[in-house]
Amino acid sequence: MPHPETWLKVLPDGLYCEPGGFFIDPVNPVERALITHAHADHARPGHGAVLASPGTLAIMDVRMGEGRSGRVQQPLGYGEVITLDSVRVWMQPAGHVLGSAQIAMEWQGSRAVVSGDYKRVPDPTCLPFEPIACDVFVTEATFGLPVFRHPPPAGEVARLLDSVALFPGRTHVVGCYALGKCQRLIRLIREAGWDGPIYLHGALMPVCRAYEAMGVPLGDLRPATVAAKAELAGAIVLAPPSAIADRWARRLVDPVVCLASGWMRVRQRAKAKGIELPLVISDHADWDELLQTLTDVDAPEIWVTHGREEALIHAAEAQGRRGRALRLVGYGDEEEEGEALAADAASAPVPAA
Ligand SMILES: [Zn+2]
Ligand SMILES: [Zn+2]
């Protein structure tokens, strides 16, 4: 049985499956791309053929413009198996954002799984992560340090609603990433009993509409831009992280600036960004979820990408697994939205707000 190292390679464009002739989440346009999910640093435009889950393809269309992901788009439902050249390929939910998938590949009896980004806590906007037994498991490590433990999201949303009740004359503006975090936050706010309007920065509306079209109801959403200032007193407004400290936020009434991100665990970081109410809500696995996943998948070998590789490799080795740092370049940090936003700006027109 060939070791996955012999057929799954790190090339400048990204991770390449040689016998299948395809890249996974390539950072440049390629002939054949398989995409784990629609975040801008994983899903770039301009490929030849693109294979992804129906949800991911739909969101790519919304963000890039219809048909801009590639000349040919091929949807692959969760659990459906196809053969690309001699490689069997299928996808299972990754629990990260709507449409997010782990990509499983099997060649000559050897199986590798690329999980993309993932989390293990329930998310009302997407299907839960399903562990797949494999020989090599490729994992992210965005929060791959023992200090990162995300609290239950319902508790974070309760803190937000408590603050809204405490300051009925102020606008609560919550920074959140446009794809995934925003819709999850809205669902969590609805589940906590808030059925009034939620106001959105213009950049957040298109993906919300796409989620609703795919069966995730989000309730009464209104553009923050056209709302009268008086209407925004006591309101909840969601905006991209880049907008909350921007001139855009001046229209709000004495705003309480909040940010929903796994990085809000780091108090100095929240302080430095001027965040009054940090909400620790992440779409990435925390340290415990990463370790749990290594146990659940039970692969003898772990390839780590995206973040803090060293600690997770060390932990994998302590579990008796071989660990390897995959030096893939070009992936941004969606929680921080720095590089991911830059990639967005390069690939899609951001609606003026
Ligand atoms: Zn990512
Ligand atoms: Zn992502």
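The name given to the chain in an unreviewed UniProt entry is Ligase-associated DNA damage response exonuclease, with the source organism recorded as Lichenicola cladoniae.

Now, about the packing of aromatic side chains: what can you tell me, with residues and values included?
All chains considered together, the criterion is met by seven aromatic pairs. Aromatic side chains tyrosine 118 and phenylalanine 129 sit 4.9 Å apart centroid to centroid with 35° between the ring planes, which places their arrangement in the tilted category. Of this pair, tyrosine 118 sits in the loop between strand S10 (110–114) and strand S11 (136–141) while phenylalanine 129 is found in the loop between S10 and S11, placing the two residues eleven residues apart along the sequence. Assessed through its relative accessible area of 7%, phenylalanine 129 is described here as buried. Their ring planes at 90° and their centres at 5.2 Å tell us that phenylalanine 148 and tryptophan 263 sit as a pair that is edge-to-face. With phenylalanine 148 in the loop between S11 and helix H2 (153–166) and tryptophan 263 in the loop between strand S16 (256–260) and helix H6 (267–272), this pair connects stretches of sequence that are 115 residues apart. The class for tryptophan 263 is buried, based on a relative accessible area of 3%. Here the aromatic cluster, defined as three or more aromatic residues joined through ring pairs, consists of Tyr118, Phe129 and Phe137. When the ring centre of phenylalanine 167 is taken as origin, the NZ or CZ atom of arginine 170, which lies over that ring, is 5.2 Å away. Here arginine 324 stacks its cationic end above the ring of tryptophan 303, 4.4 Å away from the centre of that ring.

A description of the sheet that holds strand S4 (residues 32–34) should follow, citing residues and the corresponding values.
In space, the six strands of this open sheet follow the order S1-S2-S3-S4-S5-S6, with mixed pairing throughout. A single partner strand is all that each edge strand has here, and the edge strands are strand S1 (8–11) and strand S6 (70–75). Averaged over all adjacent pairs, the angle separating strand axes in this sheet is 30°, with direction ignored. As judged from the four bridges shared by S1 and strand S2 (residues 14–17), these two strands associate in the antiparallel manner. Its bridge partner being in S2, lysine 9 is matched across the sheet by tyrosine 16.

Rules used throughout
Residues numbered from 1 in each chain as written. Chains lettered and ligands numbered in written order. Predicted model: local features only at pLDDT ≥ 70, side-chain atom pairs only at ≥ 80, totals over all residues. Heavy atoms only, no water. Phe/Tyr/Trp six-rings, centres within 6.5 Å; stacked < 30°, edge-to-face > 60°. Helix = DSSP H or I, 4+ residues; strand = E, 2+ residues; numbered from the N terminus. Buried < 20%, exposed > 50% of the residue type's maximum accessible area, 1.4 Å probe, protein only. Lys NZ or Arg CZ within 6 Å of the ring centre and 35° of its normal. Pairing = 2+ DSSP bridges. Axes fitted to C-alpha atoms, helices over the stretch in contact; angles between N-to-C directions.

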